[in-house]
Amino acid sequence: MERYTSLTIFVEQLLTDYKIENTEKNFKKVRIKCMRELQKQNLWDNAKTTVIGRSTTKIFSNLVLHELRQKLDSYLLKSSSIDKEKLSAYRQK
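Residues numbered from 1 in each chain as written. Predicted model: local features only at pLDDT ≥ 70, side-chain atom pairs only at ≥ 80, totals over all residues. Heavy atoms only, no water.

### Section: the packing of aromatic side chains
Thinking step 1. This structure, assessed with the given rule, holds one aromatic pair.
Thinking step 2. Relative to Phe-60, the ring of Trp-44 lies with its centre 5.8 Å away and its plane at 25°, an arrangement referred to as stacked. Within this pair, whereas Trp-44 is found in the loop between helix H2 (24-40) and strand S2 (48-52), its partner Phe-60 is found in strand S3 (residues 55-61), the two being separated by 16 residues in sequence. Across the pair, Phe-60 and Trp-44 agree in class, each one buried.
Thinking step 3. Directly above the ring of Tyr-75 sits Lys-33, whose terminal nitrogen or CZ lies 5.0 Å from the centroid. (Phe/Tyr/Trp six-rings, centres within 6.5 Å; stacked < 30°, edge-to-face > 60°. Helix = DSSP H or I, 4+ residues; strand = E, 2+ residues; numbered from the N terminus. Buried < 20%, exposed > 50% of the residue type's maximum accessible area, 1.4 Å probe, protein only. Lys NZ or Arg CZ within 6 Å of the ring centre and 35° of its normal.)

### Overview of the pattern of salt bridges
Thinking step 1. The tally for this structure, following the rule as stated, stands at three salt bridges.
Thinking step 2. A salt bridge links Lys-28 to Glu-24, with the nearest nitrogen and oxygen atoms 3.2 Å apart. Taken together, the positions of Lys-28 and Glu-24, both in helix H2 and four residues apart, correspond to about one turn of that helix.
Thinking step 3. Assessed through its relative accessible area of 46%, Lys-28 is described here as partly exposed.
Thinking step 4. Residue class for Glu-24 comes out exposed when judged on its relative accessible area of 57%. (Salt bridge = Lys/Arg side-chain N within 4 Å of Asp/Glu carboxyl O.)

### Let's talk about the nonpolar core
Thinking step 1. Counting 21 residues, the largest nonpolar core has Leu-7 and Cys-34 as its most contacted members.
Thinking step 2. At the level of elements, helix H1 (7-17), H2, helix H3 (62-71) and helix H4 (73-79) are the ones that each hand at least two residues to this core.
Thinking step 3. A per-element tally of this core places H1 first, with five residues.
Thinking step 4. The contacts of Leu-7, once residues within four sequence positions are left out, are Arg-31, Cys-34, Met-35, Leu-38, Trp-44, Lys-58 and Phe-60. (Core = buried A, V, L, I, M, F, W, Y, C linked by side-chain atoms within 4.5 Å. Contact = heavy atoms within 4.5 Å.)

The following block contains the structure:
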């Protein structure tokens, strides 16, 4: 069974994983970038929706979000505090 995640949770996860300070400005910047990438792929309009609390939220499969993460990797590394040499060494393992 496929698992689904909201964009808000995914963006918070990205900020944590890439060690980007979780401020309102950074959150909005990454969220807008994700939304634009999903719109380019025509996935934004076709996303499933669910009600969380009182608001309707779009949810995406983890497969789609994994592909999105790979596309945004270089963009996120520019804003992150991760040492790029250590990261490349880690990925080669």
